[in-house]
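Topology and contacts: notes
The residues making up each chain are set out below.
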Amino acid sequence: MSMAMIHLSIPIKDIASTVRFYRDILGCTVTRQQTDRLDIDFFGHHLVAQLSELEASHKSITIGRGNYPLRHFGVIVTPDVYDRMLSSLIAAKVDFAMAPDRIFIGTPREQSVFLVFDFSGNAVEVKGMPDPQQVFSAG
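Anyway, here's the lowdown on the structure attached to this text.

Criteria and thresholds
Residues numbered from 1 in each chain as written. Predicted model: local features only at pLDDT ≥ 70, side-chain atom pairs only at ≥ 80, totals over all residues. Heavy atoms only, no water. Helix = DSSP H or I, 4+ residues; strand = E, 2+ residues; numbered from the N terminus. Contact = heavy atoms within 4.5 Å. Core = buried A, V, L, I, M, F, W, Y, C linked by side-chain atoms within 4.5 Å. Buried < 20%, exposed > 50% of the residue type's maximum accessible area, 1.4 Å probe, protein only. Expected span 1.5 Å × (residues − 1). Arc of directions from axis to C-beta. Phe/Tyr/Trp six-rings, centres within 6.5 Å; stacked < 30°, edge-to-face > 60°. Lys NZ or Arg CZ within 6 Å of the ring centre and 35° of its normal.

Bringing the environment of Ser 137 into the picture now. Along the chain, Ser 137 turns up in the segment after β10 (123-128). In this structure, the C-alpha to C-alpha distance between Ser 137 and Thr 107, residues 30 residues apart in sequence, is 8.9 Å. Beyond its immediate sequence surroundings of up to four residues, Ser 137 is in contact with Pro 108 and Arg 109.

This part covers the environment of Pro 130. You can see Pro 130 is positioned in the segment after β10. When neighbours within four sequence positions are excluded, Pro 130 is seen to be in contact with Thr 78 and Pro 79.

Here the focus is the nonpolar core. Formed by 26 residues in total, the largest nonpolar core has its most connected members in Phe 21, Tyr 22, Leu 26, Phe 42 and Leu 89. Counting residues per element, the ones that place at least two in this core are β1 (7-12), α1 (15-25), β3 (37-42), β4 (45-51), β7 (73-77), α2 (79-91), β9 (111-117) and β10. The greatest single-element share of this core, amounting to five residues, is contributed by α1. Setting aside anything within four residues of it in sequence, one finds Phe 21 in contact with Leu 26, Leu 89, Val 94, Val 116, Phe 117, Asp 118, Phe 119 and Val 124.

The subject of this paragraph is α2. With 13 residues, α2 should reach 18 Å at 1.5 Å per residue; the first-to-last C-alpha distance of 18 Å fits that figure. Burial in α2 covers these residues: Tyr 82, Met 85, Leu 86 and Leu 89. For α2, the arc enclosing every buried residue in end-on projection is 100°, short of the 170-degree limit, so these residues lie on one face. With respect to the buried face of α2, the exposed residues turned more than 90 degrees away are Asp 80 and Ala 91. Residues of α2 that are buried in the fold lie against α1, β7, β8 (96-103), β9 and β10. Backbone geometry just downstream of α2 places Lys 93 in the positive-phi region, at approximately 60°.

This part is about the packing of aromatic side chains. In total, this model carries seven aromatic pairs according to the counting rule given. Taken together, a centroid distance of 5.4 Å and an interplanar angle of 65° make the contact between Phe 42 and Phe 73 edge-to-face. Placement of Phe 42 in strand β3 and of Phe 73 in strand β7 is noted, with a sequence separation of 31 residues between them. Phe 73 matches Phe 42 in its accessibility class, with the two residues each being buried. Aromatic rings pair up to connect Phe 21, Tyr 22, Phe 42, Phe 43, Phe 73 and Phe 119 into one cluster. Over the ring of Phe 104 we find Arg 109; its NZ or CZ atom is 4.4 Å from the centre of that ring.

Rendered as structure tokens:
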């Protein structure tokens, strides 16, 4: 199967805080910056962050211990990348929408996971798995 690149556009409230979150904290590369948008290499995928004060994120469903934003995106990375991102977020004092946790323990899909809001309110989930392809496991 050939791999495809995901393209996702998200609303942001300002350029500077978005650069700080995605480049400085998560370690992504900003590949193009314009007055009203950013193109970001989000772990090999094309993330477009566009200025839009009118868009809003929502906490809309209950999963686990609390409200969880139904509309979210994220990345599945190896444990070393997960730990680096987690440390960077903690050092930057970013609030967690879902605190770091381990889920699906004892299954092929066992993973570390957390969810944060970027500085524009977009929900970003990060999963750490030794073999990220196991996310597709039925077990």
